[in-house]
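In case you want the letters, here they are:
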Amino acid sequence: MVASAIYIVDGRGKTLISRSFRKDAPDGVVASFKRLVLDAEDQLAVKPFLRVDGQAPYTLVHIGHNNIHLLAPTLKNSNA
């Protein structure tokens, strides 16, 4: 798995720190994370690997601790 970028976001979905390693990271990664994870009704049912389908499908790997979340999108299907 090669991460295209790293994002550190707070519990409201605001980006605190970001670093792009490759130029292939799709736009709207943090917005997708907020929609899929932070706005989910059952936080315990959300898996750490999420496959986001769309024009440029990607896998979003995330982990959270004390309202701080680390995100790493990758274009490969890391869940396979």
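Preceding this paragraph is the structure being described.
Residues numbered from 1 in each chain as written. Predicted model: local features only at pLDDT ≥ 70, side-chain atom pairs only at ≥ 80, totals over all residues. Heavy atoms only, no water.

Examining the sheet that holds strand β5 (residues 68-74)
Formally: Strand pairing is defined by DSSP finding a minimum of two bridges between the two strands. Numbering of helices and strands starts at the N terminus; helices are DSSP runs of H or I of at least 4 residues and strands are runs of E of at least 2. Between N-to-C directions, angles cover 0 to 180 degrees, with each direction set by a line fitted to C-alpha atoms, over the stretch in contact for helices. Contact definition: two residues touch when any of their heavy atoms are within 4.5 Å.
Within the open sheet, the five strands sit side by side as β2-β1-β5-β4-β3. Their pairing is antiparallel. Because the sheet does not close on itself, it has two edges, and the strands there are β2 (15-20) and β3 (49-52). Across this sheet, the average inter-strand angle for adjacent strands is 20°, counted without regard to direction. As paired strands, β3 and strand β4 (residues 58-65) are joined by four bridges and run antiparallel to one another. Note that in β4 the partner of R51 across the bridge is T59. Along the sheet face, helix α1 (residues 29-38) touches β1 (5-10), β2, β3, β4 and β5 and points at about 65° away from the line of β4.

Points about the pattern of salt bridges
Put simply, the rule is: Salt bridges are defined as contacts in which a side-chain nitrogen from Lys or Arg sits within 4 Å of a carboxyl oxygen from Asp or Glu. Categorising residues by exposure relies on relative accessible area from a 1.4 Å probe, with only protein chains included: less than 20% of the type maximum marks a residue as buried, more than 50% marks it as exposed, and the intermediate range marks it as partly exposed.
Applying the stated criterion across every chain yields a total of two salt bridges. The salt bridge partner of D10 is R12, with a shortest N-O separation of 3.5 Å. The exposed category is assigned to R12, whose relative accessible area is 65%. In this structure, R22 and D24 form a salt bridge, with 3.7 Å as the shortest nitrogen-oxygen distance.

Structural notes on a nonpolar patch on the surface
Test applied: Only residues above 30% relative accessible area that lack a salt bridge enter a patch, with like-charged residues linked at up to 9 Å and the nonpolar side chains Val, Leu, Ile, Met, Phe, Trp and Tyr linked at up to 5 Å. Only the protein chains shown count as cover for residues, with accessible areas throughout obtained via the Shrake-Rupley method and a probe of 1.4 Å.
On the surface, a nonpolar cluster with roughly 260 Å² of combined accessible area is contributed by L16, I17 and I68. In this fold, I17 is placed in strand β2.

A few points about the side chain of T59
For clarity, the cut-off: The definition of a polar contact used here is a pair of N or O atoms within 3.5 Å, where within protein one atom must be able to donate a hydrogen and the other to accept one, and adjacent residues in sequence count solely through side-chain atom pairs.
Among the structural elements, T59 can be located in strand β4. Of note is the side chain of T59, whose polar atom sits 3.0 Å from the side chain of R51.

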